Structures are given as C-alpha cells and as structure tokens.
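One-letter residues, chain by chain:
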Amino acid sequence: MKLIALLISNTGTGTNLQAIIDGVNFGKINAKIVAVISDTSDAIGLERARKHQLPIKICPKKQNLLSLLKKLNPDFICLAGWKQIILDEVIESFPNRIVNLHPGLIPDSMDGKVLNPDGSWGLWNRGKLTDQAVQNFLDNGATYAGSTIHFLSKDFDFGLVLGRCFEKVQKGDSIDSLYTRLKKKENRLYVDILAKLCQEGKMNILVIGSNGREHALAATYAKSKKVKKVIMTPGNGLTDYHNKKIKNYPSVTMMDFEGIVKVCQKEKIDVVDVAQDDVIAAGYVDRLEKLGIAAFGPTKKASQLEWDKEWARNFMAKYGLPIPKFRSFSNKKEATSYVKSLPEQLLYVKAAGLVGGKGAIRAENKKQAIEAIKSMSQFGKSGETFLIEQALIGEEFSLFAISDGEDFVVAKSAQDHKTIYDGDLGPNTGGMGSVAPTGCVTASMIRIIGIKIFKPLLKGMKKEERPYKGILYLGGMLTKDGVKIIEFNSRWGDPEAEVILPSIQTDYLDLVQAVRLQKIKNTKVVFDKKVRLSVAGCSKGYPGDYSSVKGKEIFGLIDARKMPGITIFGAGIKREGNKFFVNGGRIFHLVAEGKNVIEAKEKAYKAMAKISIEGNNLHYRTDIGWRDINRIKN
Ligand code: AMP
Ligand code: GLY
C-alpha cells in the first residue's frame, strides 16, 4: 500500500481533498493518507481532515516543508489547493512524486500543444491560477476548458502529464458555472490518476544493452512477479530464447536514444534500466526522466565517478577516501618530467575517459611509464587527460552497493579475472570469468568499507549536488595497508552481475523502487548462500582481432545449459532459428552454482566441455576461481 500526503491551504472549499479522501476510504485508491498538511490552521479542508480522523500538520513556512515531508516519506505528495511555492529542493528530493492539478491544458513537451476534443487547440493557462485560469478560457472564446494533472517539475506549470480532463464551454457560461462543472471532472480525474499511481499492478521493464550483464538483469527482472514483460534494446541471440517474458528489439541499438524512446512508448515501459557505462555516461537517465520515462541508474553528473577518472580521483581525495598517490596531466611533457622525478616503481598510466575497461596501462618502470604516456593518444579524446598513479599491490575485488542517494545496502562481493590467459597472463579483457562471493572480502571488511568508503562517498556526492542513485561498484584492492580504491563504476560489473544477480532472493523490482523512492534504508536484500562461478566463452583472437571467427556456428550451448546448476547468459551471440552464431569477442558467460567454489568450478568446466565453435575457435580460461580455491585449500 502506498503512502500519500495531501497539501492544502485556505483556498477553495477542498473538493479535491474530499474526493481523494473518499477515493481512499472507498478503496479505489490503494493508499494510506499519512498527513494533511496545511500552511494555515484556518483552512476549510482541515475540517474535512478532522472529520475523517486524518493526521494534520500545520507548516506555515515553505522552508520547513522539506524536513516535514522527509520525516513522513510519502510515496506521493498531492497538491490539493496548496498556495505556496514548492521550493526546488523539495522537487529534487521527490522527483516524479509530487502530483499537482493545473486548471489549463499542459502539453507533453514545452513546445507542444494539446488538442481539444473538437480538434481546436487547448489553452495552457501557464502562470494563471484558479478563477484567473477559467476567465482565460472565456476571454479567449475557447470551445473547451480543461485541467491537467501532472508531476511537479522545476519548470513552472509544467512536468510529466498524468492525465487531462475537458469541459465544453457553454453559451452564457460564467466563471462560476464553468468552474463548477470543470471541478467535478477534476475531482474524478484526480482520483483516477491516484488510483493508477497507487495500484501495485505489473510493470513493463526495458533493459538497455546486449551483453551478459544485461541478460542477467533482464532474467532477474523477469523473475519478479510484479513484472509483466522485459524488453531489451537490442538484446542478443540468447536473451529471448529461454524466457517468454523477455523480448528483443535487435534493430534498436544502445546509442539510438530516439529509437529507445519509441520502444518505451510502444511497449508502455514503466522503468528503463540503463545498465551500461556508455549509456549512463550519455546521460540517458536525465534524458529519459525529462521525457517522463522513469529510469533506474545514476544521472550523468553522478556517474562522472566512472566516466571521468580525473574528476573521480580529485573527488576521492577531497573527501578523504583511501586512494593511491596520483596526478593528472593533459600535457605529455609535464607528465614525462613528473615520471622522471619519481623513484623507480610500478606505476599505472590511465586514460581519464571511458575506453571499455582498456585504458589503464601497467608500467613496470619509468621507461615503460613514459612509453605509456605516449600511447595515451590511441584513446582519442578519452586519453587527452590521463592519470599517473602509484600501483596498489594486493588482491583485487569488486564490491557492490545499492544506493538511493542518502543510504545504501551492500549487495555482494565478487572477483573478476581480467586477463585473457590462465595465471592472470596476457592483455586485459572485459573480464574472463568471475566468482561471487569472494572469500577475499570478509564481513568485517564490508563493514569497514561501508564506514570508510560508501558512507563518505554518498555524503560527498550529495554535497557536490550529484546524489548517487543506483548501483555503485567499488573496484577495490586489499593491500597490506587495508582496502584502497582502484576505481568506482556506476553500474553492475560484467561479468560480476552474472554471478551476483541470480543469488538475489528479494524481488529486484522492489529494490529498484526503493532506490527511486529513497527507501533503501528500510529495505532488506536477501541473497542465497550458493557460490557462483562464471566462465566467459570467447572468440579465438579476442581481445585482439577475432574477425575471422565472427559468424561461425556455436555448438552444444543448449546441452550445456541443461546440466544441473548451469545458466548461460548471452553476449556476442546471434540466433537463426535454433542455431547460434558468433557475433562478438565475449560470446557467452556460463554460470555454475555450487555449495562452494570448488563444486561450482567443477560443474562449470564440465558444462564448458560440451560447447565448441566451428573450426575449434572457442577460447576460455580454465582457472577461474583459482584464488578462492587456494584460499579454501590452504
Ligand atoms: P581501470 O581502467 O581503472 O578499471 O583499471 C583497469 C585495471 O588496472 C584494474 O582492474 C586494476 O587491475 C588495474 N589498476 C588500475 N589502477 C591501478 C592502481 N593504481 N594500482 C593497481 N592496479 C591498478
Ligand atoms: N568487471 C569489470 C567491469 O565491469 O568494468
């Protein structure tokens, strides 16, 4: 059941308030009224509230409204005659949760127009209140008057439109006669809209992306009883194969924002999960929300933590987070003389922008570091600014938190295996396999990371006016001096998502909604106790050139998937009929579950042995989980 707060003043007679109270009492609106808030104690509506024994709060100062609302934390705040301006800070704290009624026809976009039922243009009445607005319909000889219910946005008399009603203007209408009829319709509309907002009906989700992480996400959403269908743009050849709830739009690519918006409209999408780094960095969350489409993930400003390593390191330094010594440069000469001034040591030279996880170069000595500086040009714009960092020595891990901007819950730890060959040799890839949870991260470490890293980070992000809402990924190093931050990412890891998401027992949609409504603090996330291990099946040649493998047939996937405890998430894979073909470097992620990492590994490789690619072109690592296995054995 949703919680709603109603805001009134001493204007009007409180008919909207009464309609909402009745709607709740008659069970049409599945909600509880947590407070009727008025700015004066003489509002007529208060009589109505008292009659129905509703909690009353008097809040004369608009500056005090935010703290009051935060305490009540309603799902929706309904303006029903509230006179005062709602401050921006309130709108920011309750995005798409403040419902307002405007006596005019608000268009869907700033430059749009509303059609009346007779085809004439509707009047917006922007900036006009009550009687003034009704007068405006009459003054302009409008054939229809109308009202709009919308979410409040920082734009004056604008915001996502939830519904409109129309009333035909009659000959000889006065303000009074017209408004009386319009009000009846407004009352009904308000109740209908709230009924819809509060209904716990099934939702349609869109997941953007086509890789293993996105497939794991789609499968996790599909598990929710509250989810009707999951749409993927574009998805891959496996995403929609075993799961009837998942549907692909293969022609709508990740960067096709307009295409994605069209799919949202066509499929009546309730929430978009942006899921993937490039898309998040392109500001999809902001852009979708602006269009009134709910999106899950951090805003462009919040995700600067990932897409701008220079900004991120400066932020971490400013808020005292544990990081290695670093300096950023845009000038190669200066960077080179800095390196020369250092004692001989292991360094990392890292492009500041996004380069698909391949922008960090390990330099064993100063000579290699100077070479690495030169090579930053290969990353184009992303490498124009770069960092020189002291190398952190220790064991690397990933730890995930789900944050609503104020609070967080720690999700789970995992360990990625980044290099292409066994023994952690060869060039870095997008990730060749993973284990979750990893024994590298203990419960006490998680507590300390919460206190020393996640908490101050969220506080800092808020202070920098970019509250972090979404999945927060800590790439950490367990050094002899404790945990240090390698980097933050603004999403689930890939291939970490594949081994974490299947273990979440809590309805994932509830988690997403808790983040959106800033209620993560009171949300418990339950995981099963199994260990999961993933192995990435790759095209021979990856992460280098594998073009000759593209299009080759993959065998044995379905047999492997049938084995107990095995799931397969697709990535660079295509399907034609019942046949699968290579369509990328990392083709699929096979995930095995077991009571411990040894059992999970055994199952995983037994299943992998069933899979092959035409011409012996399948490559995978055979030692995923080796650190955790050594930990158990020693
Ligand atoms: P990044 O591009 O920041 O994800 O870095 C890629 C990989 O480089 C990380 O997963 C680490 O293995 C390694 N790395 C980056 N920075 C450091 C550092 N300061 N010390 C040690 N390893 C690092
Ligand atoms: N696991 C590496 C990444 O997702 O960036």
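Fair warning: this is a prediction, and the values are worked out from it, not measured in the lab.

Scanning the protein chain from N- to C-terminus turns up 20 helices and 31 strands. The globule rule puts the C-alpha radius of gyration for 634 residues at 26 Å, and the 28 Å found for the protein chain is close to it. Dimensions of the protein chain, computed from C-alpha atoms along their principal axes, come out at roughly 85 × 60 × 45 Å. Taking all 634 residues of the protein chain together, the buried fraction comes to 56%. Taking contacts inside the protein chain between residues at least 6 apart in sequence as the whole, the part at least 24 apart equals 67%. Here the protein chain displays about 27700 Å² of accessible surface, and carbon together with sulfur accounts for 51% of that area. In the protein chain, 96 positive and 69 negative side-chain charges are present, and the distance between their average locations comes to 3 Å.

With that out of the way, let us pick up the side chain of Gln18. Its location among the elements puts Gln18 in helix H1 (residues 15-25). On the basis of relative accessibility, which here comes to 17%, the residue Gln18 falls in the buried class. Looking at Gln18, its side chain comes within polar contact range of the side chain of Arg48, at 3.1 Å. Discounting chain neighbours no more than four positions away, the residues touching Gln18 are Arg48 and His52.

A word on the sheet that holds strand E7 (residues 161-168). Taken in spatial order, the seven strands make up an open sheet running E3-E2-E1-E4-E5-E6-E7, and their pairing is mixed. Single-partner strands in this sheet number two, and they are strand E3 (56-58) and E7. On average, each strand axis in the sheet is inclined to that of its neighbour by 20°, with strand direction left out of account. Bridge analysis of strand E6 (residues 144-151) against E7 gives seven bridges, and the strand direction is antiparallel.

The next point concerns unusual backbone geometry. Look at the link from Thr233 to Pro234: it is a cis peptide, with omega at 0°. Looking at the element boundaries, Pro234 is found in strand E9 (residues 227-234). The peptide bond linking Ala436 to Pro437 adopts the cis configuration, its omega dihedral lying at -10°. Within the fold, Pro437 resides in the loop between strand E21 (433-436) and helix H15 (443-463).

What follows deals with the site of ligand 2. Contacts to ligand 2 come from Asp416, Tyr473, Asn489, Arg491, Gly493, Asp494 and Glu496. Within the contact set of ligand 2, a nitrogen atom lies 3.1 Å away from a side-chain nitrogen or oxygen of Tyr473. Arg491 is positioned with one of its side-chain polar atoms (N or O) 3.0 Å from an oxygen atom of ligand 2. Protein chains shield 87% of the accessible area of ligand 2, which is 200 Å² for the free molecule. Here the residues of the shell around ligand 2 are counted per class, giving one nonpolar, two polar and four charged.

Now for the sheet that holds strand E13 (residues 326-329). Strand order in the open sheet made by the four strands is E13-E16-E14-E15, with antiparallel pairing throughout. The open sheet has two edge strands, E13 and strand E15 (360-363), and neither has a second partner. Averaged over all neighbouring strand pairs, the angle between strand axes comes to 20°, with direction disregarded. The sheet contact formed by strand E14 (residues 347-351) and E15 spans four bridges and is antiparallel.

The description of an aromatic ring pair uses the distance of the two centres, along with the angle that the planes make with each other. Considering all chains together, one arrives at 15 aromatic pairs under this definition. Following the ring pairs from residue to residue traces out a cluster consisting of Trp311, Phe315 and Tyr319. In this structure, Arg287 is placed above the aromatic ring of Phe257, and the distance from its NZ or CZ to the ring centre is 4.1 Å.

The subject of this paragraph is the nonpolar core. Looking at soluble globular proteins, one finds that nonpolar side chains tend to be buried together. Core analysis: the largest hydrophobic core is formed by 41 residues, its most contacted members being Val207, Tyr221, Trp492 and Tyr508. Put simply, the parts of the chain that give this core at least two residues each are strand E8 (203-209), helix H7 (212-223), E9, strand E17 (395-404), strand E18 (408-416), strand E22 (469-479), helix H16 (496-500) and helix H17 (508-516). The dominant element in this core, judged by the number of residues it contributes, is H17, at six residues. Excluding residues that lie within four positions of it along the chain, Tyr508 makes contacts with Leu217, Thr220, Tyr221, Asp273, Phe296, Ile471, Trp492 and Leu501. The next biggest cluster of nonpolar side chains, apart from the first, holds 40 residues, and it includes Ala145, Tyr179, Ala195 and Cys198.

With that settled, the discussion passes to the site of ligand 1. Taken together, 14 residues surround ligand 1, and among them Glu389, Leu392, Glu396, Lys418 and Glu487 come closest. The separation between a nitrogen atom of ligand 1 and a polar side-chain atom of Lys350 is 3.0 Å. In this structure, an oxygen atom belonging to ligand 1 sits 2.5 Å away from a side-chain N or O atom of Glu487. When isolated, ligand 1 has an accessible area of 470 Å², and the protein chains bury 94% of it. For the shell around ligand 1, the secondary-structure elements that each account for two or more residues are E14, strand E16 (386-390) and strand E23 (482-489).

What follows concerns helix H12 (residues 309-318). Listing the buried residues of H12 in full gives Lys309, Trp311, Ala312, Arg313, Phe315 and Met316. Here the buried face of H12 lies against helix H11 (304-307), E13, E14, E16, H15 and E23. Its side-chain oxygen placed 3.2 Å from the backbone nitrogen of Glu310, Asp308 serves as the N-cap of H12. Note on H12: the residue one or two positions beyond its end, Gly320, has a positive phi of about 65°.

In this section: helix H3 (residues 65-72). Within the sequence span of H3, burial applies to Leu65, Leu66, Leu68, Leu69 and Leu72. Across the axial projection of H3, the buried residues extend over an arc of 165°, all falling on one side. On the buried face of H3, the contacting elements are strand E1 (2-8), strand E2 (31-38), E3, strand E4 (76-79) and helix H4 (88-93).

What follows deals with the side chain of Lys469. Mapped onto the secondary structure, Lys469 falls in strand E22. One buried charged residue, Lys469, remains without a salt bridge, the closest side chain of opposite sign being Asp404 at 6.9 Å. When near neighbours in sequence (up to four residues on either side) are disregarded, Lys469 contacts Gly297, Pro298, Ser403, Asp404, Gly405, Val515, Arg516 and Gln518.

Turning next to the pairing of E23. Of all the eight residues making up E23, six are buried; the element is thus mostly covered by neighbouring parts of the structure. Across seven bridges, the pairing between E22 and E23 is antiparallel. Paired with Leu478 across the two strands is Val483, which belongs to E23. Connecting the antiparallel pair E22 and E23 is a turn made up of two residues.

Conventions adopted
Going along each chain's sequence as written, the residues are numbered from 1 onward. Numbering of ligands from 1 and lettering of chains from A proceed in the order in which they are written. Thresholds applied to this predicted model are a pLDDT of at least 70 for local features of residues and 80 or more for the giving and counting of side-chain atom pairs; totals over whole chains, interfaces and linings are not thresholded and use all residues. Values reported for side chains reflect all heavy atoms of the structure, with hydrogen atoms and water molecules removed beforehand. A run of DSSP states H or I qualifies as a helix once it reaches four residues; a run of E qualifies as a strand once it reaches two. Both are numbered from the N-terminal end. We compute the radius of gyration over the C-alpha atoms and compare it with the globule rule, which gives 2.2 Å times the number of residues raised to the power 0.38. Burial classification: accessible surface area is computed with a 1.4 Å probe over protein chains only, and a residue below 20% of its type maximum counts as buried, one above 50% as exposed, and the rest as partly exposed. Contacts are assigned to residue pairs that have any heavy atoms within 4.5 Å of one another. Values of accessible area rely on a 1.4 Å probe in the Shrake-Rupley scheme; residue burial ignores everything except the protein chains shown. Charge counting follows a simple rule: Lys and Arg are positive, Asp and Glu are negative, and His as well as the terminal groups are ignored. To locate a charge, the coordinates of NZ of Lys, CZ of Arg, CG of Asp or CD of Glu are taken. In the analysis that follows, any N or O atom pair within 3.5 Å is treated as a polar contact, provided that within protein one partner can donate a hydrogen and the other can accept it, and provided that, for residues neighboring in sequence, both atoms belong to side chains. A pair of strands is treated as paired once DSSP finds two or more bridges between them. Structural elements are reduced to axes, namely lines fitted to C-alpha atoms, with helices fitted over the stretch in contact, and the angle between N-to-C directions of any two is expressed from 0 to 180 degrees. A cutoff of 4 Å decides nearness: a residue is near a molecule or strand if any of its heavy atoms lies inside that distance of it. Residues are grouped as follows: Ala, Val, Leu, Ile, Met, Phe, Trp, Tyr, Cys and Pro are nonpolar; Asp, Glu, Lys and Arg are charged; all remaining types, including Gly, are polar. Any Phe, Tyr or Trp ring, taking Trp's six-membered ring, that has another such ring centre within 6.5 Å forms a pair; planes under 30 degrees apart are called stacked, those over 60 apart edge-to-face, and the others tilted. To sit over a ring, a charge needs its Lys NZ or Arg CZ within 6 Å of the ring centre and within 35 degrees of the ring normal. Grouping buried Ala, Val, Leu, Ile, Met, Phe, Trp, Tyr and Cys residues that are joined through side-chain atoms within 4.5 Å yields what is termed a nonpolar core. Summarising the geometry, the arc corresponds to the directions from the helix axis toward the C-beta atoms. By salt bridge we mean one thing: a side-chain nitrogen of Lys or Arg within 4 Å of a carboxyl oxygen of Asp or Glu.

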